[in-house]
Amino acid sequence: MLKFDFSNLMADSVGQSDGLTANDISALAESAKGAHQKFNGWRESREAIFFDVVNDPDLTRGIADKASEIASRFENLVVLGIGGSALGLRCLAQALLPAQWNLRTSEARGRKPRIFVCDNIDPDAFSGLLDTIGAERTCFMVISKSGGTTETAAQYLVARGRLKAALGDRWKKNVIAVTDPARGVLREIVQKEGLDSFPVPPMLGGRFSVLCSVGLLPAACLGIDIEAMLQGARDMAKRCSAATLDENPAYRIGGFQHWFDAKKRKNISVMIPYSDSLMLASDWYAQLWAESLGKEGKGSTPVKALGATDQHSQVQLYMEGPRDKVFTFLGVERFRADDSATRISDAEGAYAYLNGKDMGEILRAEQQATTKALASQGRPSMTVSFPAVDARHMGEFFMAYETATAFAGALYGVNPFDQPGVELGKKLTREMLAKA
Ligand code: PA5
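Residues numbered from 1 in each chain as written. Predicted model: local features only at pLDDT ≥ 70, side-chain atom pairs only at ≥ 80, totals over all residues. Heavy atoms only, no water.

So, the sheet that holds strand β6 (residues 196–199)
Working step 1: With parallel pairing, five strands are arranged side by side in an open sheet as β3-β2-β4-β5-β6. Two strands bound the open sheet, and with one partner strand each, they are β3 (114–118) and β6. Strand-to-strand twist of the sheet, defined as the mean angle between neighbouring strand axes without regard to direction, takes the value 20 degrees.
Working step 2: Two strands pair when backbone bridges link them, and strand β4 (residues 138–144) and strand β5 (residues 175–179) are joined in this way by five bridges, in the parallel orientation. Across the sheet, F140 pairs through a bridge with V175, a residue of β5.
Working step 3: Helix-sheet contacts for helix α7 (residues 150–167) involve β2 (76–80), β3, β4 and β5, and the interaxial angle to β4 is about 155 degrees.
Working step 4: Helix-sheet contacts for helix α8 (residues 185–193) involve β4, β5 and β6, and the interaxial angle to β5 is about 140 degrees. (Pairing = 2+ DSSP bridges. Helix = DSSP H or I, 4+ residues; strand = E, 2+ residues; numbered from the N terminus. Axes fitted to C-alpha atoms, helices over the stretch in contact; angles between N-to-C directions. Contact = heavy atoms within 4.5 Å.)

Observations concerning the pattern of salt bridges
Working step 1: In this structure the tally under the stated criterion is 25 salt bridges.
Working step 2: Of the charged contacts, one joins D52 and R43 as a salt bridge, the two residues approaching to 2.7 Å between their closest N and O atoms.
Working step 3: In this structure R43 comes out as partly exposed when scored by relative accessible area, which is 27%.
Working step 4: Its salt-bridge partner being D58, residue R61 comes within 3.0 Å of it at the nearest N-O pair.
Working step 5: Among the residues examined, R61 registers a relative accessible area of 58% and is labelled exposed. (Salt bridge = Lys/Arg side-chain N within 4 Å of Asp/Glu carboxyl O. Buried < 20%, exposed > 50% of the residue type's maximum accessible area, 1.4 Å probe, protein only.)

Regarding the site of the ligand
Working step 1: Around the ligand, 14 residues are found, and the nearest of them are S85, S144, S146, T149 and Q287.
Working step 2: One nitrogen or oxygen atom from the side chain of S146 is found 2.6 Å from an oxygen atom belonging to the ligand.
Working step 3: Here E291 contributes a side-chain N or O atom positioned 2.9 Å from an oxygen atom of the ligand.
Working step 4: Protein contact buries 90% of the 380 Å² of open area that the ligand shows by itself.
Working step 5: Its residues placed into classes, the shell around the ligand shows one nonpolar, nine polar and four charged. (Near = heavy atom within 4 Å. Polar contact = N/O pair within 3.5 Å; in protein donor to acceptor, adjacent residues only side chain to side chain. Areas by Shrake-Rupley, 256 points an atom, 1.4 Å probe, with all protein chains shown as cover. Nonpolar A, V, L, I, M, F, W, Y, C, P; charged D, E, K, R; others polar.)

Observations concerning a nonpolar patch on the surface
Working step 1: Residues L424, L428 and M432 make up a contiguous nonpolar surface patch of about 320 Å² in total accessible area.
Working step 2: Topologically, M432 is positioned in helix α16 (residues 423–435).
Working step 3: M432 sits in the exposed class, given a relative accessible area of 60%. (Patch = residues over 30% accessible without salt bridge, like charges linked within 9 Å, V, L, I, M, F, W, Y side chains within 5 Å.)

Remarks on the environment of V117
Working step 1: Tracing the backbone shows V117 in strand β3.
Working step 2: Sequence separation between V117 and S345 is 228 residues; the distance between their C-alpha atoms is 40 Å.
Working step 3: In contact with V117, not counting residues within four places along its chain, are V79, A86, L89 and R90.

A look at the pairing of strand β8 (residues 301–304)
Working step 1: Across four bridges, the pairing between strand β7 (residues 268–273) and β8 is parallel. The partner of S269 across the bridge, within β8, is P302.
Working step 2: The parallel pair β7 and β8, bridged by helix α12 (residues 281–293), forms a crossover whose chirality is right-handed. (Right-handed = clockwise from strand over helix to strand, strands pointing away.)

What about the packing of aromatic side chains?
Working step 1: For the structure shown, the criterion picks out 21 aromatic pairs.
Working step 2: Centre to centre, the rings of F50 and F417 are 6.5 Å apart; their planes meet at 40 degrees, and the pair counts as tilted. Of the two residues, F50 is situated in helix α3 (residues 50–53) and F417 in the loop between α15 (391–412) and α16; the sequence distance between them amounts to 367 residues. Residue F50 shares its accessibility class with F417, and that shared class is buried.
Working step 3: Seen in terms of ring centroids, F397 and Y401 are 5.0 Å apart; in terms of plane orientation they differ by 40 degrees. Their pairing is tilted. With a gap of four residues between them, F397 and Y401 both fall in helix α15, about one helical turn apart. As far as the burial class goes, F397 and Y401 line up, both buried.
Working step 4: In textbook terms, an aromatic cluster arises when at least three aromatic residues are bridged by ring pairs, as seen for F39, W42, F50, F51, F208, Y251, F407 and F417. (Phe/Tyr/Trp six-rings, centres within 6.5 Å; stacked < 30°, edge-to-face > 60°.)

Right, dumping it as C-alpha cells:
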C-alpha cells in the first residue's frame, strides 16, 4: 500500500506560524464531517462516479480482447485526445513502461505497439509524427468524452485524411473511438462510419476518467496490468471511504491543503516526484487540482517539479522565497532497476562519499535532505511513498488523489466536477474559425 507521511506539515516540524497544531486538526476534523456528507451526496448523485465505477463488473468488458487485437495488428498506437483524455495515459505510460519504450525493438516491447499521445495541435509536431510513423501500421485511438473538442477533432480529421490517402476505404480499420456511449459528434461519426468504439461511462468527466476505458484500453494495448491497477484503486477506495480525517488519507491530503490555503495563505501546491517514472504524475495532478478547484475566485495553484532535477532550478525559491507553498514529495522505495546496475564502486578523493552507493540510494537521500531542509525553513510538506512504481500502486495513487480533490472541492464549496471557465474560450475558438 502507498504510505502517507504528514509529519512535516505539523507545527512540531515547521514551527507554529507555518504548521498545523493539534487544535487546528481538531477544528478541521469538525469541518470534515460536512465535507464527508457532501462527498457521499456526490456519490449518490453519480457526480463522483469515479469512486464507485472501479467496482462496475462491465468496466473492462471487451478491453482485453480488443487490446490484444490492436497489439497484434499495429506497430504504433497514436492516441488523439487532450486534457483528461490524454494526461492519465501519459502518466501511466511514463510510470509503468520500461524506459525508452519507443526505441526498443518489438521483441523487447513484448510485441506491443509504440505509444504516442498527441494532445496538442502543433502542426510541426503532428505532421512530423505522421510523416515518421506512416499510416498503415498505426492504430489511431480517438479519445473524447464529449466528442466536441476542437483539438481532438482537428487531429482526427488530419489523421483520417492521411489514412484515406494511404489506405483508401480501408482507413476505418485503423481507427477506434473512445467516447460517450450515446451522445456527441464522435458517437455520431462512429455510427455513421461503422467505426470500432468503446464507451466512456456517462457522468464520468475527463480528469477523473483514467480508471475507465479512457486509460484502461490504451494501457491494456501496451501490456499494462489493468486488473492490478483496478485492484489497487478498489483497495484505496475502501481506505478512503472512512468518514474521519484521521482514518482517511485522501481527506487528509485534500483537507490539509485546503487548510493551508484558508488559514496560512499557502495557496500554491508543488508536487515533486523523486523518480522519472512518476514525473508525469504531477502533470496529471496539476490538471485534476486546477480544473476541479479553480472556481469562484477560489482554489490553489498546482506546480510541477521533479527531484532531484529541480533542486538545481526551483528549490532556491522554495527555501527562501514567499511562504505561500505546500509541498508534496512522491518517493520510491524500490526502483525497477537492480541496485547493482548503478552501484558506484571506485569513487576516489572528494567523491569517496559515493562509494558503495547506487543511484536509487542517492536519489532517496536527496529527497530526505530536501524535505528536511524545507522543514527547517518553515516550509510544510507531505510525502507519498510508493513501495514500487507498479500498476497496483498507480491505481491507489489515482484513487487517492481523485478523492482528495473532490473532498477539497467540498471544503472550498465549489463543484469539482465541472469546468465552466474553459467553455468561453472553446466557444470563441469555434466562432472565430467558423467566421474565418
Ligand atoms: O477534465 C476534463 O473534463 C477536460 O480536461 C477534458 O478531459 C478535456 O477538455 C477534453 O474533453 P473531451 O474528452 O470531451 O474531448
